[in-house]
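Next come the chains, spelled out residue by residue.
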Amino acid sequence: MSVIGVYGGSISSFVVSGWMLQEWKWPMVFYVSGIVLFIWTCAWCSVVKNDPFDDKWISEAEKMYIKRELDNEARDGEELEYPWMDILTCVPFWIGCLCKFMTGVGFTFTTMYLPQYIKDTTDTDIKRIGYISVIPQICSVIAMPLAGYLFDNIRSNKRLSLTNAHKSYACLGLLMSAGAYLVAGLWSNFTICIVCVSLFSFFITFVVLEIQVLLLDLAPRYAAFMHAIATSGYTLANVLTPITVGLIVTSKSRLLWSSCFFIFSALYILVALLCLKFSSGQLQKWANYSSTERGDEMKKMRKNVQLPNK
C-alpha cells in the first residue's frame, strides 16, 4: 500500500501543476512544490522514530512482533556482512533488477512522452492531454492493492509454488504490457492510445509488486541492499529512455513514434522469457544464516582442508 504514494504524487503533480501553470505560470509551481516538501519533511522527522518502542502509533502486539523478528535476524552487536560474490552471481536477483529496469523504461516513456505522442499523431488539444495523462497513474493506484491482495492470496492458499507465483506475476505483467504497447503503436487513435497506455500502467504495476516481494523472498537479510541496486537500474532507465527516444523520434512522424512502442514491446517479451527461464522465489542458501554462522562454517571448512605434504 505504501508504494501507492508514488503514483498518488504523480497524479497530484499533473493536476495541480497544470492548474497553477494556467493561473500563475512556472515560478509558482516550484514555490508550492518546495513548500509542500518542506512541510512533509518536518512531519516525517516528527512522526518517524528510530525505535519501534518509541512510536506511539504502533500497537504493543506489533512492537513485540518487530522485536522478535529483529532478534532472529541478528545478534546484539553483530555486524552484518554482505556475501558479495553470492549476491553478484545470483541469477534470480539480476532478473529482478532487469524487471525493475524495464518498469523504469515504461513509466518514463509513458510519463514524459505520452502527451507529446498524442499531440504529434492525433492533433489533440494540449489542455485535454494534460488532464488525460493522469489516467494511467490512476490505473496504477488501482492495480497496486489489487495485485498485492491477489499475490498474498496465492501464497497463503499455496495454489502455486513460490517460484511459479513469481514467474506468473512477472510474465503476466510484462507480456500484457508488451501487448498494450503493440496496439498503441499500431493505431494512433486518441481513445485507443489512452486505453492501451492505461492497461500498460495497470499490468506493469504487477511487475513492480513482484520485484518488491522477490527480493524479500530471495534474501530477507540483504533485501534493502539488493533493492538499492535494483532501484539504481530503475534510475538508469530514467536516463537512458529519453536518450533512446530522442535518437529515434527526430520528427513528428507517426512511424518513428510507433517504432519506440515496438522496440519496447520486444524488450518486454524478451525479459518475460528470461523470467520464465531463470526467475525463482526460493530463499537462497547464502541468505539462510547469519554472518556469525557463516564465519563459523568457513572456519570449519578451513580446518577440514588437508594441506599437501611438502
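Now for a description of the structure that goes with this document. (Residues numbered from 1 in each chain as written. Predicted model: local features only at pLDDT ≥ 70, side-chain atom pairs only at ≥ 80, totals over all residues. Heavy atoms only, no water.)

Attention shifts here to the pattern of salt bridges. Enumeration according to the criterion identifies one salt bridge in this entry. Put simply, lysine 63 and glutamate 60 hold a salt bridge, and the shortest N to O gap is 3.6 Å. With a gap of three residues between them, lysine 63 and glutamate 60 both fall in helix α3 (residues 60-73), about one helical turn apart. Given the relative accessible area of 8%, lysine 63 is considered buried. (Salt bridge = Lys/Arg side-chain N within 4 Å of Asp/Glu carboxyl O. Helix = DSSP H or I, 4+ residues; strand = E, 2+ residues; numbered from the N terminus. Buried < 20%, exposed > 50% of the residue type's maximum accessible area, 1.4 Å probe, protein only.)

Our next topic: the environment of glutamine 284. When you line up the elements, glutamine 284 lands in the loop between α11 (254-278) and α12 (291-304). For glutamine 284, the contacting residues outside a window of four places in its chain are Cys90 and Leu218. (Contact = heavy atoms within 4.5 Å.)

A grouping of Leu175, Leu182, Val183, Leu186, Trp187, Ile192, Phe262, Ile269 and Leu273 is seen on the molecular surface, where their side chains present a nonpolar patch of about 740 Å² in accessible area. When residues of the nonpolar patch are traced back to their parent elements, those giving at least two are α8 (162-186) and α11. Considering the arrangement of structural elements, one finds phenylalanine 262 in helix α11. (Patch = residues over 30% accessible without salt bridge, like charges linked within 9 Å, V, L, I, M, F, W, Y side chains within 5 Å. Areas by Shrake-Rupley, 256 points an atom, 1.4 Å probe, with all protein chains shown as cover.)

Interhelical geometry of helix α5 (residues 91-122) versus α8 gives an angle of 25 degrees and a closest axis separation of 12 Å. One way to sum up the angle between α5 and α8 is to call them roughly parallel. The handedness of the crossing between α5 and α8 comes out as left-handed. Within the contact between the two elements, α5 uses Cys99, Gly106, Phe109, Thr110 and Tyr117 and α8 uses Leu174, Tyr181, Ala184 and Gly185. Residue composition of the contact of α5 with α8, grouped by class: six nonpolar, three polar and no charged. (Axes fitted to C-alpha atoms, helices over the stretch in contact; angles between N-to-C directions. Parallel < 35°, antiparallel > 145°, perpendicular 65-115°, else oblique. Left-handed = near helix turned anticlockwise from the far one by under 90°. Nonpolar A, V, L, I, M, F, W, Y, C, P; charged D, E, K, R; others polar.)

What follows concerns the nonpolar core. In terms of nonpolar packing, the biggest core is built from 52 residues, with Phe109, Leu174, Val245, Phe264, Tyr268 and Cys275 touching the most fellow members. For this core, the elements supplying multiple residues, two or more each, are α5, α7 (135-157), α8, α9 (190-218), α10 (223-248) and α11. At 15 residues, α9 tops the list of elements feeding residues into this core. In this structure phenylalanine 109 touches Leu114, Tyr181, Thr241, Val245, Trp257, Cys260, Phe261 and Phe264, once residues within four positions along its chain are discounted. (Core = buried A, V, L, I, M, F, W, Y, C linked by side-chain atoms within 4.5 Å.)

A separate point is the packing of α7 against α8. The contact between α7 and α8 brings their axes to 10 Å, and the two run at 155 degrees. The angle between α7 and α8 places the two elements in the roughly antiparallel class. Like other packed secondary-structure pairs, α7 and α8 cross with a definite hand, here right-handed. On the side of α7, the interface is formed by Ala147, Leu150, Phe151, Ile154 and Arg155, while α8 contributes Leu162, Ala165, His166 and Tyr169. Per-class residue counts for the contact of α7 with α8 are seven nonpolar, one polar and one charged.

A few words on the packing of aromatic side chains. Inspection of every chain in the model, using the stated rule, returns 23 aromatic pairs. Seen in terms of ring centroids, phenylalanine 109 and tyrosine 113 are 6.0 Å apart; in terms of plane orientation they differ by 35 degrees. Their pairing is tilted. With phenylalanine 109 and tyrosine 113 both in helix α5 and four residues apart, the pair spans about one turn of that helix. Comparing phenylalanine 109 with tyrosine 113, the two get one shared label, buried. (Phe/Tyr/Trp six-rings, centres within 6.5 Å; stacked < 30°, edge-to-face > 60°.)

Looking at the element boundaries, aspartate 120 is found in helix α5. Of the buried charged residues, aspartate 120 lacks a salt bridge, with lysine 252 as the closest side chain of opposite charge at 4.5 Å. Engagement of the side chain of aspartate 120 in a polar contact is seen with the side chain of tryptophan 257, the distance being 3.2 Å. When neighbours within four sequence positions are excluded, aspartate 120 is seen to be in contact with Lys252 and Trp257. (Lys, Arg positive; Asp, Glu negative; His and termini not counted. Polar contact = N/O pair within 3.5 Å; in protein donor to acceptor, adjacent residues only side chain to side chain.)

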